[in-house]
Amino acid sequence: MANKMWGGRFTEGPDAIMEEINASIDFDQVLYAQDIRGSKAHVHMLSDQNIISREDADKIDQGLDTILREIEAGDFKFSRALEDIHMNIESRLTDLIGPVAGRLHTARSRNDQVATDFRLWVRDIVDNLNTQLSDLQLVLATKALEHAHVIMPGFTHLQSAQPVTFGHHLLAYVEMFARDRSRFSDARKRMNESPLGAAALAGTSFPIDREATAKSLGFDRPLANSLDAVADRDFALEALSTAAITAIHLSRFAEEIVIWSSAQFNFVKLSDKFTTGSSIMPQKRNPDAAELVRAKSGRIIGALNALLIVMKGLPLAYSKDMQEDKEQAFDALQNLSLCVAAMTGMIREMEPNVTVLKQAAGSGFSTATDLADWLVRVLGIPFRDAHHATGAIVARASELEIELHEVSLADMQAVHKDINKGVFSVLTVDDSVRSRTSLGGTAPANVIKQAQIWLKKLETETVKRS
């Protein structure tokens, strides 16, 4: 039996394999709210333009409301034989109100319909992600202010480099997520144009009002070219690109949490709420939430790559290949939302082991740069010479198996005769971090100031949302 929605040209129904490969309802049913919203905007416009009667429009509108309630209540039966969310809703509408349901598709194609639904869905989740990332920043900035004076080792190459503050480290991620939010905001501006009314690819001969449907759906304007409106998915690619960058930031932090929470580092303690135990080793506290955030970044990056490959060779306008635009985008953006929520919870509950962090900050001759800077600043010697002298003093400390501030003045003077006891004022980790007052530096005073700036901004955003 031919499909009753489009089967006039066909005398036979699709093969079972064709039905299997062609159906998208298993994943595109998540578009139900956007599809109904778009249909309601379309039918109101058709009535306003006297393309269909007000009576028919009201019946369609009421039928769509019924379907929305059915889906949200879990009473709607989705059919794979009807292929997609659009056909499922239209078929049910026909069951509810009869042949008048067929007027809904006047001056519209599934091509502009799905492009509209997909844009609306991506826009909705981008808005949600922006809110979630703001909440994550707020947790990080709050934690940074609380621990502005907590000293920890700063690393390069995962080797102890210079002392920093725990608050400073957290604020680095506040900045990263701010840029992620900015990218999402930019992407939202470009995606906020309406494809509805482009029809299959060439527009329509009906006197539709695309400005009205665009406004009704919260778009800034209609897309200017009907071919472009149905053929491109750069809005999804841009959202996935930003999602991939955000996921990388989350993954890097997750990796640090995995390292920090290990018994070997013991830098932080994670809550029971975001860790798991072992089925055989009772002592274990596994940072599974962090590990899953780290893993899901690959899934999100993969979705971007997949859609790039799907789109790269398609001629204008619509090709069925573009059915593959949604499943991985849904998965990636929903998983990013989950990752942000998990990271927010982990950070809120995470506590630094202050004593361990400070002890680790002083290891590995981490104040060597402070010594070199002192030689330049106080003795006036060129930095390269100071670097060489500091290296010799570090070598002496390593030979004696002591820390840099424990090297005797006599041993230092053996390297450079003009070194005096004032050098010891810069060799502790406390002195080191206090001295880093340059813009963006790790000094506690800087951290407090910057955390307060962020908290004021983020708390204002929260108030505006509520």
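Coordinates for the structure precede this section.
Residues numbered from 1 in each chain as written. Predicted model: local features only at pLDDT ≥ 70, side-chain atom pairs only at ≥ 80, totals over all residues. Heavy atoms only, no water.

**Focus on the side chain of Gln 113**
1) Next: Its location among the elements puts Gln 113 in helix α6 (residues 110–146).
2) Next: The class for Gln 113 is buried, based on a relative accessible area of 4%.
3) Next: For Gln 113, the residues in contact, after removing those within four places along its chain, are Asp 35, Ser 39, His 86, His 105 and Arg 108. (Helix = DSSP H or I, 4+ residues; strand = E, 2+ residues; numbered from the N terminus. Buried < 20%, exposed > 50% of the residue type's maximum accessible area, 1.4 Å probe, protein only. Contact = heavy atoms within 4.5 Å.)

**A look at the environment of Leu 133**
1) Next: Mapping Leu 133 onto the fold places it in helix α6.
2) Next: Look at Leu 133 and you get buried, because its relative accessible area is 0%.
3) Next: In sequence terms Leu 133 and Thr 246 are 113 residues apart; their C-alpha atoms lie 9.5 Å from each other.
4) Next: With near-sequence residues (within four places) excluded, Leu 133 lies in contact with Phe 177, Asp 180, Arg 181, Phe 184, Thr 246 and Val 340.

**Topic: the packing of helix α10 (residues 234–260) against helix α12 (residues 327–349)**
1) Next: The interhelical angle for the contact between α10 and α12, taken along N-to-C directions, is 35°, at an axis separation of 10 Å. For α10 against α12, the interelement crossing comes out left-handed. Between α10, through Ala 239, Leu 240, Ala 243, Thr 246, Ala 247, Leu 250, Phe 253, Ala 254 and Ile 257, and α12, the contact on the second element is made entirely by Ala 329, Ala 332, Leu 333, Leu 336, Cys 339, Val 340, Met 343 and Ile 347. (Axes fitted to C-alpha atoms, helices over the stretch in contact; angles between N-to-C directions. Left-handed = near helix turned anticlockwise from the far one by under 90°.)

**Quick look at the layout of surface pockets**
1) Next: Taken as a whole, the largest pocket spans an internal volume of roughly 410 Å³.
2) Next: If you go around the largest pocket, you meet 18 residues; those closest to its centre are Phe 155, His 169, Tyr 173, Arg 252 and Glu 256.
3) Next: If you list the elements that add at least two residues to the lining of the largest pocket, you get β1 (151–156), α7 (166–191) and α10.
4) Next: The residue makeup of the lining of the largest pocket, split by class, is 10 nonpolar, 5 polar and 3 charged. (1 Å grid on protein atoms, 1.4 Å probe; cavity = no way out; pocket = protein on both sides within 12 Å on 5 of 7 lines; lining within 4 Å. Points joined across faces, edges and corners; volume = space filled by probe spheres on them. Nonpolar A, V, L, I, M, F, W, Y, C, P; charged D, E, K, R; others polar.)

**Details of the environment of Val 376**
1) Next: Mapped onto the secondary structure, Val 376 falls in helix α14 (residues 368–379).
2) Next: Owing to a relative accessible area of 30%, Val 376 belongs among the partly exposed residues under this scheme.
3) Next: Val 376 has contacts with Ile 381, Pro 382, Phe 383 and Ala 386, leaving out every residue within four places of it along the chain.

**Describing the packing of aromatic side chains**
1) Next: Summed over all chains, the structure comprises 11 aromatic pairs.
2) Next: On the basis of an interplanar angle of 85° and a centroid distance of 5.9 Å, the ring pair of Phe 118 and Phe 330 is categorised as edge-to-face. With Phe 118 in helix α6 and Phe 330 in helix α12, the pair connects residues that are 212 residues apart, well separated along the chain. For the pair formed by Phe 118 and Phe 330, the shared burial category is buried.
3) Next: Between the aromatic rings of Phe 253 and Trp 260, the centroid separation amounts to 6.3 Å while the plane-to-plane angle is 80°, which identifies the pairing as edge-to-face. The residues Phe 253 and Trp 260 share a single accessibility class, namely buried.
4) Next: Taken together, the ring pairs in this structure connect Phe 166, Tyr 173, Phe 177, Phe 253 and Trp 260 into an aromatic cluster. (Phe/Tyr/Trp six-rings, centres within 6.5 Å; stacked < 30°, edge-to-face > 60°.)

**Here's the deal with the pairing of strand β2 (residues 159–165)**
1) Next: Two elements, β1 and β2, share 6 bridges in a ladder whose sense is antiparallel. Its bridge partner lying in β2, Thr 156 is registered against Gln 159.
2) Next: Here β1 folds back onto β2 in antiparallel fashion, the turn holding 2 residues, of which His 157 has a positive phi close to 60°. (Pairing = 2+ DSSP bridges.)

**Section: the pattern of salt bridges**
1) Next: Using the criterion set out here, one finds 29 salt bridges in the structure.
2) Next: In this structure, Arg 92 engages Glu 70 in a salt bridge whose closest nitrogen and oxygen atoms are separated by 2.7 Å. A residue pair is termed long-range when its members are at least 10 positions apart, and Arg 92 in helix α5 (residues 85–97) and Glu 70 in helix α4 (residues 54–72) qualify at 22 residues.
3) Next: Relative accessible area serves as the criterion here: at 27%, Arg 92 is assigned to the partly exposed category.
4) Next: Looking at Glu 70, the relative accessible area reads 16%, which means it is buried.
5) Next: Note that Asp 325 and Lys 326 form a salt bridge whose closest N and O atoms lie 2.8 Å from each other. (Salt bridge = Lys/Arg side-chain N within 4 Å of Asp/Glu carboxyl O.)

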